[in-house]
Amino acid sequence: MSDVAPLAPGTEEGIATVLRNTVSPILVEGSGTTMGMLRPVQAARTLSTRNLAGITLHRPQELVISARAGTTLPEIEAALAAHNQILVPEPPDLRALLGVPDAPPPTIGGLVAANLSGPRRITGFALRDAVLGLRFVNGAGEVLRSGGRVHKNVTGLDLCKLLAGSHGTLGVITEVTLKAGPAPERTATLVIPVADEAAGIAALSTALTSPYGVTGAAMLPKGARAGEVEGPAALLRLEDVEASVTYRMARLRAALPGGAVLEGEDSRALWRAVRDARPLEPAPGEGVWRLSVRPSRAPAMVAALRDGIGARVLLDWGGGLVWAVAPATAEAHAGVMAAAAAAGGDFTLFRAPDSLRAAVAVIPPEAPALAAIASRVKAALDPAGRLNPGRMRAGR
Amino acid sequence: MIDLPPPKAEVLARRDAIVAGLQAIVPGDGVIAEPLRLRPYETDGLSAYRQPPMAVVLPTSTEQVAAVLRFLNAEGVRVVPRGAGTSLSGGALPLADAVVIGLMRMNRILDVSFPDRLAVVEAGVTNLGITKAVEGEGFFYAPDPSSQLACMIGGNVMMNSGGAHCLKYGVTANNLLGLKFVTIEGEVVEIGGGHLDAAGYDWLGLITGSEGQLGIVTEVTVRILRAAEGQRAMLAAFASTEVAGAAVDAIMASGVIPVALEFMDRPCIHACEAFAHAGYPLDAEALLIIEVEGSTEEQDALLARLRDICARFDPISVRVATSAEESLAIWKGRKGAFGAVGRISPDYLCMDGTIPTGELPLVLRRIGEMSEAYGLKVANVFHAGDGNLHPLIMFDANDAESFHKAEAFGADILKLCVEVGGCLTGEHGVGVEKRDLMPVQFTPPELAQQRRIKSAFDPDWLLNPAKVFPLEGALSPANPA
């Protein structure tokens, strides 16, 4: 972290100028909401995209919106809502989870750089899938584009995907073009009380292997609560035109009896809570991990996390996404790594004190052949290794 | 004819030793070197270009692919990966000094999990083969390129293939979970797995659509989806392409995204009708085929809305299927479009640019003007919802001038696509076909950046050379930044 005020140019050229004229490591961020994730960055200066603000193109009839990287998520959502549209991957607002509830809202550049997606991820679209095009500045200070503003584009290597989720280590994203989707006419959620994770994931699986187009499939474990909804409960969301939601909800209830239905704003509030992992409420000394796994292996993994490190959990993506909260210790981290490995899944450390984040592998290690390629790819984009050094892996 | 790089004389001189080395790795009939038996491999779906390779090797396992790449890398031999050879951009076109690695013998389905909604398959399994393996339980694999009966999933991954139904379900990149990937050094790497959004750099996303530039994929973990209860199509015919374009915009802005939204212009309508007798209105300038999914009640509700939207644009006619059979009849002409155009003109080039959908009327008008200027007929059929155009340029392959004109016409269309804010290729890939147009879409620093990333995977540029990047830069490692 840096004590000097961040450099926050208001233009893309300003970002490029900083990168061309700086020789030392630079911490790259948007509004900084996700800087508590992964490893802390040691850098003399901070470069923020927060002043690169504003929507630059919005074609509702083409389902396309472009915005400079520092534009906040609420601004983009409001512009889309004015035309009854949404971002399908529903990127989360993790400020509360990451312990910075009063920070400015997340920027679209920061969210794309972290590839953060919400419950609708199970329908097939992560945030990176909604990125139609990017403008970015590489470590050498060159302004580059990948993708564009059209929905189908396979021209050249897809650097949008490479940059999304690279946490500012390969380039500084300056503008994002996103695919929008229609806002659903109606949203409703079926809340089904279940005995445990195995039963909950079985219910989610029944729904997800049905033809009814479920757009949210989460589980609140015992002891967790979101608004009026108390765990253990399986949560299934339908979003579509009125007639479809009515028809499919009836079919889902027939297949999964015993539940209750939340409509409209009650349903929306519940899924915002799931999206932002609100039910976890980590205490100051606790760490937060996100694990991704085949849903059928989640019950055993959750049992291992509970038995091994006393974790509290929250499940989304049909059980394939497991949030875990436990004391922020090296032992707990080792327990998470072991549980993920045993289940053939992977993990990301989302929140912990700097000392722990700096000391452990915050994401799974790469195979040596891939690590060698990764080092060369990093050098291809950031030859001097100045962008967010060590953010994802030690020494890179 | 496109320029291909001169073969490496020192490689051709060692041909017999290289073939023997391959035979030691893949025994039996898995290595082909006789000129006559190389003929089937000299071209792909872009049959205007032909070049037999030095040899073809047909491995049956990831271990064999790894050993072959290790050997060829050590020998400095260029490699051209190949699935079914259905690329429309020349993505599998060999070079005289290259070894084609054909993956068609790796065609096993390794694992299917319905609770996890995934299938693990080898690269040589056909696109439709995946659906066939899971449809008994009501599932399917969503991307549906029109070559899906023949094309292989490994090739789909390399080209990031689309299809008519990707408006709802996305393209190949949106339907993958993991890959088994072999580097040019012969290292086997697992990318992703059975779970979503593996942590770390998105190798899965970078490799998908990389056209064989980064390595060879031998296994693919795909998402499989439960199929909708049913689907039904409607057809709406309009008096002008402008009006049809406005109807497309209105549909996309309406909140109801159809599963498919296809557009045909007058020449295409006439060609398809003569071929398929689908009952298309011959007085229309433009035709939309719109498909929705769901239960019968849901289909009724959605089709009623779409019919109302179309009605606002004074359609010449609207036909809503009332049964699965009527739906098939509506699709029959569209699905046979390429064959139908092939009946009018034995040779055609199928282009693949994408444009912002709002530019549709302008682009169609300009294509019409170019058609006049070049004296070549063109039929337009495309995925209207996502702006992916497939102009079919008709020419006579026995007339060299006609072919050169067709190529120039195609290039002009693609330049127009870029000019209006679109791109050179929506789903067919750059291949050799559009390689030299890359500077129209990308600046020199952007191309240099892509080339440096290619070099990070393939330092000596042995993988699928002369594709994707303009030839002057396509054969050697990129300079360091």
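Residues numbered from 1 in each chain as written. Chains lettered and ligands numbered in written order. Predicted model: local features only at pLDDT ≥ 70, side-chain atom pairs only at ≥ 80, totals over all residues.

## Considerations on the interface of chain A and chain B
Which entries qualify depends on this criterion: By the convention adopted here, residues are in contact when the distance between their C-beta atoms, placed from the backbone, does not exceed 7 Å. Secondary structure elements follow DSSP: runs of H or I of four or more residues count as helices, runs of E of two or more count as strands, with numbering from the N terminus. Under the convention adopted here, Pro, Cys and the residues Ala, Val, Leu, Ile, Met, Phe, Trp and Tyr are nonpolar, Asp, Glu, Lys and Arg are charged, and Gly plus all remaining residues are polar.
Across the contact, 70 residues belong to chain A and 79 residues belong to chain B. Those elements that provide at least two residues to the side of chain A that touches chain B are α4 (127–130), β7 (143–147), α5 (159–163), α6 (197–208), α7 (242–255), β19 (346–351) and α12 (368–381) of chain A. When residues in the side of chain A that touches chain B are grouped by element, the largest group, 7 residues, is from α12 of chain A. Taken together, the residues of the side of chain A that touches chain B break down into 32 nonpolar, 22 polar and 16 charged.

## Side note on the environment of P74 of chain A
Looking at the secondary structure, you find P74 of chain A in helix α2 (residues 73–81). C-alpha of P74 of chain A to C-alpha of I108 of chain A: the two residues are 34 residues apart in sequence and 9.4 Å apart in space.

## A short note on the pairing of strand β3 (residues 55–59) of chain A
Residue and element names in this part refer to chain A. The cut-off we apply is this: A pair of strands is considered paired only if DSSP assigns at least 2 bridges between the two.
Alignment of β3 against strand β4 (residues 64–68), held across 4 bridges, turns out to be antiparallel. Paired with R59 across the two strands is V64, which belongs to β4. In sequence, β3 turns back onto β4 through a hairpin of 4 residues, with L63 there showing a positive phi of about 55°.

## A closer look at the domain arrangement of chain B
Here is the rule: Where each domain starts and ends comes from a domain assignment, either automatic or drawn from a database.
With domains assigned, chain B is organised as domain 1 (9–102), domain 2 (109–226), domain 3 (231–337) and domain 4 (345–428). Residue composition of the side of domain 2 of chain B that touches domain 3 of chain B, grouped by class: 2 nonpolar, 1 polar and 1 charged.

## Focus: the packing of helix α14 (residues 360–374) of chain B against helix α15 (residues 400–419) of chain B
The description of two packed helices rests on the angle between their axes and on the distance between the axes. Residues and elements named next belong to chain B. We count it as follows: Between N-to-C directions, angles span 0 to 180 degrees; the directions come from axes that are lines fitted to C-alpha atoms, helices contributing only their stretch in contact. In what follows, roughly perpendicular refers to angles from 65 to 115 degrees, roughly parallel to angles under 35, roughly antiparallel to angles over 145, and oblique to any angle outside these ranges. Crossing handedness: left-handed means the near helix sits turned counterclockwise from the far one by under a right angle, and right-handed means the same turn made clockwise.
The N-to-C vectors of α14 and α15 enclose an angle of 160°; their axes lie 11 Å apart at closest approach. In terms of orientation, α14 lies roughly antiparallel with respect to α15. Crossing of α14 over α15 shows right-handed handedness. Contacts between α14 and α15 pair V363, R366, I367, M370 and Y374 from the former with K405, F409, D412, I413 and L416 from the latter. Taken together, the residues that form the contact of α14 with α15 break down as 7 nonpolar, no polar and 3 charged.

## Points about the nonpolar core
Counted only if it meets this: Each nonpolar core consists of buried Ala, Val, Leu, Ile, Met, Phe, Trp, Tyr and Cys residues. Their C-beta atoms, within 7 Å, join them into a set. Exposure classification rests on a simple neighbour count of other C-beta atoms within 10 Å of a residue's own: a residue reaching 20 or more is buried, one at 12 or fewer is exposed, and one in between is partly exposed. C-beta atoms are placed from the backbone.
Within the largest apolar cluster, 288 residues are counted, with the highest numbers of intra-cluster contacts made by V322 and A324 of chain A together with V99, V222, L288 and I393 of chain B. If sequence neighbours within four positions are ignored, V222 of chain B has contacts with L118, A119, V121, I130, Y141, I153, N175, L176 and L177 of chain B.

## Some details on unusual backbone geometry
Trans is the common state for peptide bonds, and a negative phi is the common state for residues other than glycine. Omega for the peptide link from G231 of chain A to P232 of chain A comes to 0°, which places this bond in the cis form. Mapping P232 of chain A onto the fold places it in the loop between β13 (229–230) and β14 (233–240). Unusually for a residue other than glycine, D197 of chain B sits at a positive phi of about 50°. Looking at where D197 of chain B falls in the secondary structure, it is placed in the loop between β9 (188–192) and α8 (203–207).

## A few points about the sheet that holds strand β3 (residues 78–82) of chain B
All names here are of chain B. With mixed pairing, the 4 strands of this open sheet are ordered in space as β1-β2-β4-β3. The two strands at the open ends of the sheet, each matched to only one other strand, are β1 (31–32) and β3. Relative to strand β4 (residues 98–102), β3 runs parallel, the two sharing 5 bridges. When the bridges of β4 are listed, R82 appears paired with G102. The sheet contacts of helix α2 (residues 15–25) involve β1, β2 (55–57) and β4, and relative to β2 the element is tilted by about 10°. Contacts from helix α4 (residues 62–75) reach β2, β3 and β4 within the one sheet, and its direction differs from that of β4 by about 170°.

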